[in-house]
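Architecture and fold: a report
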Amino acid sequence: MKVLLISPQGSNIYAKMKVGLPPLGLAYLAAVIREDGHDVKIIDRAIEKKDFVPEDFSPFDVVGISADTPRYPEALEIAAVAKEAGKIVVMGGYHVTFLDKEALETGVTDIIVRGEAEEIIVNLLRALENGEDLHKVKGISFVENEKLVRTAVALPPKDLDAMPFPARDLLPMSKYTSQMAGLPVTNLITSRGCPFNCYFCSSSRFGGLKWRYRSAKSIVDEIEILYHDYGYRAFAFMDDNFTLSKRRVMEFADELEKRHMNDIIWWCFSRVDILIRNEDMVKRMAEVGAFQIFLGLESHSEDTLDDYGKNIGNKEQDQAIELLHKYGINIHGSFIVGDINETKEIAMQTAKWVQQVNPRVTQFSILTPYPGTALYHDVEREGRFLHKNWELYDALHATVKTDGMTPDEIQKMLIKDYRMAYLNKYRLFHPRKPSPAMARRLKKLREAQGKMMKTVNPVKFFWTFWVEMQRTKPKKLMAKMEKESKKKRSLHVTDNATRGLDLTIGDEETNLINGMYIDGNSMKEKADKELQVSIKK
C-alpha cells in the first residue's frame, strides 16, 4: 500500500517562532511501514507549509495524521480534505488515544490508533490490504453500524533495540533549525513508558507504567549515524526518563568514549530525586558532554508540589540544583503556574525563587488538563473547564477555572514570570558561565563548525509571546466563544463528502445518522425535513 504520514504544524508560539525538531514518532512509523513492504512518505507541515487539496492525496491509499491536543483541530482539517479525496484516514497520538470517540464523531477519520503505534500500524495495514476483519487488529477504534468499536488493547513494543531507527531520510533534515549553544541539534528517543504517573502528565497511560529502554550500544549506534552521516554534534534525548537507570547512563558514557565520540554535547530530561541519589552518575555525565538537563521543578510551594504528587520538597530541589552547578551542567528549569489552589502570592514566591536559581533556560507553563491525565478527570468531574478549544491547550493559555486566580490573572502572571526570569540582576549581571571543561569542549566544537547558528531572538520571542497573550485574553476569548455558540444553536450537520462544511460539534451528545453527525436533541425525522448546513466561507 501507499501511505502518507502527516505531522500538523500547530499554531502556537513555538510554531510561529519555528522552534521545532523532526517528528520522530512519524519517522519511527515510516521505518516499520517501509520495512513491512509498503511505500511511505512523510510531510512535516512545520517545514512544508502547504494547504492541502484533494489532488495531493491521489497517489496514496492511506493517510495517517498525528494529533496531539493543540494540533488536533488542524489534524481534523487535513483529515477532511483526505476524506474528500476518498482515502482511508487513520489518526493517532496522545489526544485521539484518549478521546477516540470525539475524533470518530467528526466523520472525517476512519480509524484511531490508540497508544504506541509501531506494531499496531503494521497489523492494520496488513488487514486493510488483505480485506481482513478489523476487529482482530488490537489497539484501534472505528465506527461500525453507527456504533463505536474499540478493539482489545495492544501492548506497546517491548524490545526497543529490535526496532529500526527513525526514517530520517524521509524528512528534510537540513531544514530543521533548532540549536544548542549555537550548534545544530537533533533529537533521539531512548526509552518509553513512565512509572511515575504524574498528576498532569499522560505519558504513563499512553506508554504504560513499565519503563522500556534501549541499550547503550543501540543509542550510540544511532548517534554515530547522526554524527557521521548528518554532521550533528549536539543531541537532545526526548524521553521522560533518560537517567532512570544509572547503569545504562554509565554504559552510555563508556560507549561514547570507546567509539571516540566524546566531542559532543547533549541535553536530557531527569528528575530531582534521581540526581541527588546518584552524584557519581552526574559527574560522569558531565565528563561526556552533558550540557543541559531538563528538570520539572514546577513550584517553590511545598503545598503545590504535594498537589502535583512530586514526592519531593524545596530541600531536594535545592540539592539537585547545587549538584548540577557543581559539575557545570546547565539547568533547563520548568515551572507551572495556575494550580487549582495557587494564589498570586504563591506564584510570586516561585517567580522570585526562579530569579535566584537563574537557570540557563527557564520555561513557564500554565497548568493544562490534557486528555488522559488525572488532572483532566478531576477538572471534568468538578466542572472547571473554561472551554475545549483544543488549539489553545498548549500550556500557554488558561483553560481551567481555579480557586486562587482568575484566568486573566493566570495569563498575566505567565507574562510577569517570564519578564522576572529573564530581566533581573542575577541574569544580567551574574550570567551562568560554562565550566572550564565545557568551555574547552564548546570552543573546539565551534571552531570545527565554523559559522554558528543564530539563536532565537529574545526580543522577537517576547514580542510574539506578548501579542499572543493579548489576542487570547480569557475574558475576551470567552465572550467571543459565547457569541459564536449562540450562532450555532440551530441543527448542525456534517456531510462527510462535501468539502468546506463546518466540522464543529457542540457540547450536546451527537449521534451518527446515515453518515452524518446530528445534534443529539434532534430527531431523524426533523433532520430529514430541516437540514440546516453550516458552510465555512
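Observations concerning the overall build of the chain
Looking only at helices and strands, one finds 21 helices and 19 strands in the chain. Every one of the 537 residues in the chain was classed for burial, and the buried ones make up 54%. Here the chain has roughly 25100 Å² of accessible surface; of this, 51% comes from carbon and sulfur atoms.

Digging into the sheet that holds strand E2 (residues 39–44)
Strand order in the open sheet formed by seven strands is E2-E1-E3-E4-E5-E6-E7, and the pairing between neighbours is mixed. Each having just a single partner strand, E2 and strand E7 (147–150) make up the two edges of the open sheet. Strand-to-strand twist of the sheet, defined as the mean angle between neighbouring strand axes without regard to direction, takes the value 20°. Across the face of the sheet, helix H2 (residues 24–35) comes into contact with strand E1 (2–7), E2 and strand E3 (62–66) while running at roughly 170° to E1.

A look at the packing of H2 against helix H6 (residues 118–130)
Across the interface, H2 lies against H6 with an axial gap of 9 Å and an inter-helix angle of 40°. Put simply, H2 runs oblique to H6. The crossing of H2 and H6 is right-handed. Where H2 abuts H6, its residues Tyr28, Leu29, Val32 and Ile33 lie against Glu118, Ile121, Val122 and Leu125. Within the contact of H2 with H6, the residues separate by chemical class into seven nonpolar, no polar and one charged.

Remarks on the nonpolar core
One finds Phe252 and Trp266 to be the most contacted residues of the largest nonpolar core, which totals 93 residues. Apart from the residues within four sequence positions on either side, Phe252 is in contact with Ala216, Ile219, Val220, Ile223, Phe237, Phe242 and Trp266. Core analysis: the second largest hydrophobic core is formed by 36 residues, Val81, Ile340, Leu375 and Phe385 among them.

Topic: the packing of aromatic side chains
According to the stated counting rule, one finds 20 aromatic pairs in the structure shown. For the pair Tyr94 and Phe206, a centre-to-centre distance of 4.0 Å together with 15° between the ring planes defines the contact as stacked. With Tyr94 in helix H4 (residues 94–98) and Phe206 in helix H7 (residues 203–207), this pair connects stretches of sequence that are 112 residues apart. Aromatic rings pair up to connect Phe335, Trp353, Phe364, Tyr418 and Tyr422 into one cluster. Here the basic side chain of Arg192 rests over the ring of Tyr28, its NZ or CZ set 5.1 Å away from the ring centre. Its guanidinium or amino end placed over the ring of Tyr227, Arg233 lies 3.5 Å from that ring's centre, counting from NZ or CZ.

Digging into H2
If you check H2, its first and last C-alpha atoms are 16 Å apart, about what 12 residues at 1.5 Å a residue would give, namely 16 Å. When you tally the buried positions in H2, you get nine out of 12 residues, the bulk of the element. Inspection of H2 places Leu24, Leu26, Ala27, Tyr28, Leu29, Ala30, Ala31, Val32 and Ile33 among the buried residues, and these make up the whole buried set. Phi turns positive one or two residues past the end of H2, at Gly37, with a value near 100°.

Here we look at helix H13 (residues 314–326)
An α-helical turn contains 3.6 residues, so a residue and the one three or four places further along point in the same direction. When the terminal C-alpha atoms of H13 are compared, their 18 Å separation across 13 residues agrees well with the 18 Å that a helix rising 1.5 Å per residue should span. All of the buried residues along H13 are Asn314, Gln317, Ala320, Ile321, Leu323 and Leu324. Elements in contact with the buried residues of H13: helix H10 (272–277), helix H11 (279–287), strand E14 (290–298), helix H12 (302–307), strand E15 (330–337) and helix H14 (344–357). Among the residues trailing H13, Gly328 stands out with phi positive, at a value near 75°.

Quick notes on the confidence of the model for the chain
Here the chain averages 88 in pLDDT, and 87% of its residues register 70 or above. Across residues 489–537, where pLDDT falls below 50, the model places 86 contacts with residues more than four positions away in sequence or in other chains.

Topic: the packing of H14 against helix H16 (residues 407–422)
Look at H14 against H16: their axes get within 9 Å of each other, and the N-to-C directions meet at 20°. In this view, H14 runs roughly parallel relative to H16, as classed from their interaxial angle. As H14 packs across H16, the resulting crossing turns out to be right-handed. Between H14, through Lys344, Ala347, Met348, Ala351, Lys352, Val354 and Gln355, and H16, the contact on the second element is made entirely by Glu409, Met413, Lys416, Asp417, Met420 and Ala421. Here the contact of H14 with H16 is built from residues that sort into seven nonpolar, one polar and five charged.

Considering a nonpolar patch on the surface
Taken together, the side chains of Leu423, Leu428 and Phe429 present a nonpolar region at the surface, about 380 Å² in accessible area. Here Phe429 shows up in helix H17 (residues 425–429). For Phe429, a relative accessible area of 62% puts it in the exposed group.

Considerations on unusual backbone geometry
One non-glycine residue, Glu298, lies in the positive phi region at around 65°. Among the secondary structure elements, Glu298 is positioned in strand E14. Accessibility expressed as a relative area gives 5% for Glu298, which makes it buried. With phi around 60°, Asn311 is a residue other than glycine that occupies positive phi space. Looking at the secondary structure, you find Asn311 in the loop between H12 and H13.

A short note on a negative patch on the surface
On the surface, a cluster of negative charge is made up of Glu302, Asp303, Asp306 and Asp307. Topologically, Asp307 is positioned in helix H12. Given a relative accessible area of 34%, Asp307 falls into the partly exposed group.

Concerning the pattern of salt bridges
In this structure the tally under the stated criterion is 33 salt bridges. Between Glu222 and Arg214 there is a salt bridge whose closest N-O contact spans 2.7 Å. Here Glu222 falls in the buried class, since its relative accessible area comes to 1%. What makes Arg214 buried here is its relative accessible area of 2%. A salt bridge links Asp403 to Arg384; the nearest nitrogen and oxygen atoms lie 3.1 Å apart. Of this pair, Asp403 sits in the loop between helix H15 (374–382) and H16 while Arg384 sits in the loop between H15 and H16, and the two are 19 residues apart along the sequence. With a relative accessible area of 55%, Asp403 lands in the exposed category. We classify Arg384 as buried; its relative accessible area is 15%. In this structure, a network of salt bridges that share partners links the residues Lys217, Asp221, Glu224, Glu255 and Arg259.

Reading guide: rules and limits
- Residues numbered from 1 in each chain as written.
- Predicted model: local features only at pLDDT ≥ 70, side-chain atom pairs only at ≥ 80, totals over all residues.
- Heavy atoms only, no water.
- Helix = DSSP H or I, 4+ residues; strand = E, 2+ residues; numbered from the N terminus.
- Buried < 20%, exposed > 50% of the residue type's maximum accessible area, 1.4 Å probe, protein only.
- Areas by Shrake-Rupley, 256 points an atom, 1.4 Å probe, with all protein chains shown as cover.
- Pairing = 2+ DSSP bridges.
- Axes fitted to C-alpha atoms, helices over the stretch in contact; angles between N-to-C directions.
- Contact = heavy atoms within 4.5 Å.
- Parallel < 35°, antiparallel > 145°, perpendicular 65-115°, else oblique.
- Left-handed = near helix turned anticlockwise from the far one by under 90°.
- Nonpolar A, V, L, I, M, F, W, Y, C, P; charged D, E, K, R; others polar.
- Core = buried A, V, L, I, M, F, W, Y, C linked by side-chain atoms within 4.5 Å.
- Phe/Tyr/Trp six-rings, centres within 6.5 Å; stacked < 30°, edge-to-face > 60°.
- Lys NZ or Arg CZ within 6 Å of the ring centre and 35° of its normal.
- Expected span 1.5 Å × (residues − 1).
- pLDDT = per-residue confidence, 0-100.
- Patch = residues over 30% accessible without salt bridge, like charges linked within 9 Å, V, L, I, M, F, W, Y side chains within 5 Å.
- Salt bridge = Lys/Arg side-chain N within 4 Å of Asp/Glu carboxyl O.
- Lys, Arg positive; Asp, Glu negative; His and termini not counted.
- Charge placed at Lys NZ, Arg CZ, Asp CG, Glu CD.

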